[in-house]
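Letter by letter, the chains look like this.
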Amino acid sequence: MAFIKTGCQTLDNLLCGGVPTGVPLLIFGMPNLGKTWLCFQLACMCTRDPKYGGLGKKVLYLDTESFFVGNTFDMFYGYFKKRWPDLPDKPKIELEIVPDIFTLGRLFGVQFEILQEDKRVSVVAKFPTERQTKIAKTKGKLPSTSVQREDWKERSPIWQKLSSGEYGMVVIDSITVPIKSVIPSTTQNLPARTSLLQILLGAMYTFARGHDVSILITNHVTRNPMNPGYHLGVGDPWGGQNVTYYVKYQFGLYKALKDQVKAFGPDGHRLRRIQRYRMPGKDEKIVTVMLAKDTGYVDLPKNKAQPA
């Protein structure tokens, strides 16, 4: 296991040294708080030389929300290149836009079929062999059944990339959107969502351990009005216990409290609280950092007290 520094000492301390390899790590929170900023910052750090806290390796960045379209990727990379001039002129971040859950599944070696039956949705997962896939391309249809054998992961495009040893991190930003886009939010559909989530998280867990890479996943907060902290954007990661089972390192990203914002002055709206949930036992710790304009996550100025 190795560690990737975050570029922010407060976050490194929260992570007990940095982002670990060999395990999945989850960042969850309400929209528009800066989850993608944090992912891109960590991706850039991974590509830096080890003397700066990186691994000097490539990053595979799977964008499921089409955020990095147009010149957005170049703009973000420019921000961090200005912050860390040692970043390579040609980014070592390999961006792939993932349009749907079927593409995401295929990248992890799984063929998904979504069955709509009246108001209920169910999921079928297949693990076709290479020969079956080739036949399907000519005949247009995969076999009705398949068997998950030990070599299923070796047919995954991501597993094949990681086998080169050139990659240190995989980012999935986010896992929530592609699932929600094909399975509506109704009580009857929760088992189908659970099936998709379990299969994908299980694959990510296997890939992280198998190649000693860091797999960074972003996720939303469960929208539960009964949760007392829901109106503050605080809650559990979307997916509940299925997420906890596979991901032992979880981080909630929250807005700063009103008194923190007021006490900090003009830049108070840039404060972010990040809470660590380290399983098992839910060892919790929370820190406050700043999402600086066109810069990313930084420590609070030394002349400013750390808000409670």
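Since we're looking at a predicted model, the values are computed, not measured.

**Side note on the overall build of the chain**
No. 1: Of the regular secondary structure elements, the chain holds 10 helices and 13 strands.
No. 2: Counting all 308 residues of the chain, 48% fall into the buried class.
No. 3: For the chain, long-range pairs separated by at least 24 residues make up 64% of all intrachain contacts whose partners lie at least 6 apart in sequence.

**What about the packing of aromatic side chains?**
No. 1: Applying the stated criterion to the full structure yields 20 aromatic pairs.
No. 2: Both rings, one in Phe67 and one in Phe68, keep their centres 5.0 Å apart while their planes meet at 90 degrees; by these two values the pair is edge-to-face.
No. 3: Residue Phe68 is classed as buried on the basis of its relative accessible area of 4%.
No. 4: When the centroid spacing of 5.4 Å and the interplanar angle of 40 degrees are considered together, the rings of Phe108 and Phe207 count as tilted. Of this pair, Phe108 sits in the loop between helix H4 (101-107) and strand S6 (111-117) while Phe207 is found in helix H8 (residues 190-211), placing the two residues 99 residues apart along the sequence. The exposure classification of Phe108 matches that of Phe207, with both residues buried.

**Observations regarding the side chain of Thr6**
No. 1: Mapped onto the fold, Thr6 is located in the loop between strand S1 (3-4) and helix H1 (9-14).
No. 2: Looking at Thr6, its side chain comes within polar contact range of the main-chain oxygen of Cys8, at 2.9 Å.
No. 3: Those residues in contact with Thr6 that lie beyond four places of it in its chain are Leu11, Asp12, Leu15, Val19, Gln41, Leu42, Met45 and Trp84.

**Let's talk about the confidence of the model for the chain**
No. 1: When pLDDT is averaged across the chain, the result is 84; 81% of the residues are at 70 or more.
No. 2: Model confidence for the chain, summarised as mean pLDDT per element, is weakest for helix H5 (residues 130-139) at 53 and strongest for strand S4 (residues 58-63) at 97.

**Overview of the side chain of Thr72**
No. 1: Following the sequence through the fold, Thr72 ends up in helix H3 (residues 72-83).
No. 2: Residue class for Thr72 comes out buried when judged on its relative accessible area of 14%.
No. 3: At 2.9 Å, the side chain of Thr72 and the backbone oxygen of Val69 are in polar contact.

**Brief notes about empty space enclosed by the protein**
No. 1: For the structure on display, the rule yields one cavity of 30 Å³ or more.
No. 2: What the largest cavity holds in volume is close to 120 Å³.
No. 3: Lining the largest cavity are 13 residues, and of these Leu15, Ile27, Leu38, Phe251 and Ile274 sit closest to its centre.
No. 4: When residues of the lining of the largest cavity are traced back to their parent elements, those giving at least two are H1, strand S3 (24-29), helix H2 (35-47) and strand S10 (249-255).
No. 5: It is S10 that contributes the most residues to the lining of the largest cavity, three residues altogether.
No. 6: When grouped by side-chain class, the residues that make up the lining of the largest cavity number 11 nonpolar, two polar and no charged.

**Observations regarding the packing of H2 against H3**
No. 1: Running from N to C, H2 and H3 cross one another at 60 degrees; their axes reach a closest spacing of 11 Å. Between H2 and H3, the angle falls in the class oblique. As for how H2 packs across H3, the hand of that crossing is right-handed. From H2, Trp37, Phe40, Gln41 and Cys44 reach across to H3, where they touch Phe73, Phe76, Tyr77, Tyr79, Phe80 and Arg83.

The rules behind these values
- Residues numbered from 1 in each chain as written.
- Predicted model: local features only at pLDDT ≥ 70, side-chain atom pairs only at ≥ 80, totals over all residues.
- Heavy atoms only, no water.
- Helix = DSSP H or I, 4+ residues; strand = E, 2+ residues; numbered from the N terminus.
- Buried < 20%, exposed > 50% of the residue type's maximum accessible area, 1.4 Å probe, protein only.
- Contact = heavy atoms within 4.5 Å.
- Phe/Tyr/Trp six-rings, centres within 6.5 Å; stacked < 30°, edge-to-face > 60°.
- Polar contact = N/O pair within 3.5 Å; in protein donor to acceptor, adjacent residues only side chain to side chain.
- pLDDT = per-residue confidence, 0-100.
- 1 Å grid on protein atoms, 1.4 Å probe; cavity = no way out; pocket = protein on both sides within 12 Å on 5 of 7 lines; lining within 4 Å.
- Points joined across faces, edges and corners; volume = space filled by probe spheres on them.
- Nonpolar A, V, L, I, M, F, W, Y, C, P; charged D, E, K, R; others polar.
- Axes fitted to C-alpha atoms, helices over the stretch in contact; angles between N-to-C directions.
- Parallel < 35°, antiparallel > 145°, perpendicular 65-115°, else oblique.
- Left-handed = near helix turned anticlockwise from the far one by under 90°.

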